[in-house]
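What follows is the residue order along each chain.
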Amino acid sequence: ERFIRPSGLRMKKAHVTHPELKATFNLDIIGVKKNPSSSMYTSLGVITKGTIIEVNVSELGLVTTTGRVVWGKYAQVTNNPELDGCINAVLLV
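This section reports on the structure supplied with the text.

Cut-offs used in this document
Residues numbered from 1 in each chain as written. Predicted model: local features only at pLDDT ≥ 70, side-chain atom pairs only at ≥ 80, totals over all residues. Heavy atoms only, no water. Core = buried A, V, L, I, M, F, W, Y, C linked by side-chain atoms within 4.5 Å. Buried < 20%, exposed > 50% of the residue type's maximum accessible area, 1.4 Å probe, protein only. Helix = DSSP H or I, 4+ residues; strand = E, 2+ residues; numbered from the N terminus. Contact = heavy atoms within 4.5 Å. Salt bridge = Lys/Arg side-chain N within 4 Å of Asp/Glu carboxyl O. Pairing = 2+ DSSP bridges. Axes fitted to C-alpha atoms, helices over the stretch in contact; angles between N-to-C directions.

**A few points about the nonpolar core**
- In terms of nonpolar packing, the biggest core is built from 14 residues, with V16, I53, V55, A75 and I87 touching the most fellow members.
- Listing elements by their share of this core, those giving two or more residues are β1 (13–18), β2 (23–34), β3 (52–56), β4 (72–77) and β5 (88–91).
- Beyond its immediate sequence surroundings of up to four residues, A75 is in contact with V16, T51, I52, I53, V55, A89, V90, L91 and L92.

**Examining the pattern of salt bridges**
- In total, this model carries 1 salt bridge according to the counting rule given.
- For K13, the salt bridge identified is with D28, shortest N-O distance 3.1 Å. Linking K13 in strand β1 with D28 in strand β2, this pair joins segments that are 15 residues apart in sequence.
- Residue K13 is classed as partly exposed on the basis of its relative accessible area, which comes to 38%.
- Look at D28 and you get partly exposed, because its relative accessible area is 31%.

**Observations regarding the pairing of β4**
- Summarising the sheet, β3 and β4 pair through 5 bridges and their orientation is antiparallel. Within the sheet, the bridge partner assigned to I53 lies in β4 and is A75.
- Pairing geometry for β4 and β5, over 3 bridges, is antiparallel. Each residue of the ladder has a partner; that of Q76, found in β5, is V90.

**Regarding the sheet that holds β4**
- Read around the closed barrel, 5 strands run β1-β2-β3-β4-β5, paired in mixed fashion. Going from strand to strand, the sheet's axes swing by 50 degrees on average, the running direction of each strand aside.
- One ladder, built from 4 bridges, connects β2 with β3; its direction is antiparallel. Across the sheet, the residue bridging to G31 is E54, located in β3.

**So, the pairing of β5**
- Only one face of β5 is covered, namely the one carrying A89 and L91; the face carrying N88 and V90 has none of its residues buried.
- The pairing of β1 with β5 spans 3 bridges and is parallel. The partner of T17 across the bridge, within β5, is V90.

Following this line, the structure appears as structure tokens:
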């Protein structure tokens, strides 16, 4: 049985910092890849500190070596979203 979070508590965007560019971007969240707190949290899509999330980086214009545009990359959450009300993450390069 799945618990449906109210849309007011659902996070759609994350503040993601690119470690090489030293810049922060407000990117859309695609989904939760892995939550180290619990495997149940991973399947439910709960975001806590340390969670690996997939973000949409198409607006950054990142291109692979073959010339294709990258649209999904992983980022690790660095803050506690329950306390802060926002999601801060670092892009995993």
